[in-house]
Amino acid sequence: MKNSRNSYLTATLTLMLIFSAFYQSRAQIQAPAPSPASFVSQNVGFTKISIDYSSPGVKGRTVFGELVPFGVPWRAGANAPTTIEFSTAVSIGGKTLNAGKYSVFITPEQSGEWTIHLNSKGNAIYAYMQGENVDAAALAKDDAVAIKVSPEMMEDTQERLSYAISAADNKVGMVMFSWEKTRLSFMVDTQVDQKMETFEAAFK
């Protein structure tokens, strides 16, 4: 009788441990992120250009003008700040930017050109929030460069936000943003000729 009772207790404890381990393992399993992390990198000339971002989906929504209001700087992705990094100095919009990492913001407009901001401090959008609103003037003060670009309307809807980098002529690269039916692009001059002149001068 005593052996039967011990066997019963042992079996019960074993089952409890099994169920405990099962529920703990289930608790540790996380659902896929709604806006998965993405990364793209491309060498252009002597420069490595890298973009780190999260990729939200359209999910049947109207993105620009509703989800992302017109006239308000937006974080150009989801979750953590979208960042672009240059391994050497580059020129964008006629302005030289030092090697380093910059956060990216986009100000969409209902008509006309949009603005792409490369933030000199690498800040998140939350650094410029005043209550529920973005302080656009404060954000603009921290622009390393602000590029005016004309949006291109795509024929088909692109569900996931994405960035791409083209090496083009391997001197001037093109950075492209696409989401919903909108595409934006800007050029990055990696200053190959200037760097070559510097190298040649050093060996004269």
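In case you missed it, the structure is sitting above this.
Here the structure is a predicted model, which is why all the values come from computation and not from measurement.

This brings us to the packing of aromatic side chains. For the structure shown, the criterion picks out 10 aromatic pairs. Considering the side-chain rings of Tyr 53 and Tyr 163, the 4.8 Å spacing of their centres and the 65 degrees angle between planes classify their relative orientation as edge-to-face. One end of the pair, Tyr 53, is in strand β2 (residues 47–54); the other, Tyr 163, is in strand β11 (residues 152–166), and 110 residues separate them in sequence. Judged by relative accessible area, Tyr 53 falls into the buried class, the value being 8%.

As enumerated under the stated definition, the model contains two cavities of 30 Å³ or more in all. What the largest cavity holds in volume is close to 80 Å³. For the largest cavity, the lining is made up of 13 residues, of which Val 104, Ile 116, Tyr 163, Val 175 and Phe 186 are closest to its centre. Of all the secondary structure elements, the ones that give two or more residues to the lining of the largest cavity are β6 (100–107), β7 (114–119) and β12 (172–189). At six residues, β12 tops the list of elements feeding residues into the lining of the largest cavity. Here the lining of the largest cavity is composed, by residue class, of 12 nonpolar, one polar and no charged.

What counts as what
- Residues numbered from 1 in each chain as written.
- Predicted model: local features only at pLDDT ≥ 70, side-chain atom pairs only at ≥ 80, totals over all residues.
- Heavy atoms only, no water.
- Phe/Tyr/Trp six-rings, centres within 6.5 Å; stacked < 30°, edge-to-face > 60°.
- Helix = DSSP H or I, 4+ residues; strand = E, 2+ residues; numbered from the N terminus.
- Buried < 20%, exposed > 50% of the residue type's maximum accessible area, 1.4 Å probe, protein only.
- 1 Å grid on protein atoms, 1.4 Å probe; cavity = no way out; pocket = protein on both sides within 12 Å on 5 of 7 lines; lining within 4 Å.
- Points joined across faces, edges and corners; volume = space filled by probe spheres on them.
- Nonpolar A, V, L, I, M, F, W, Y, C, P; charged D, E, K, R; others polar.

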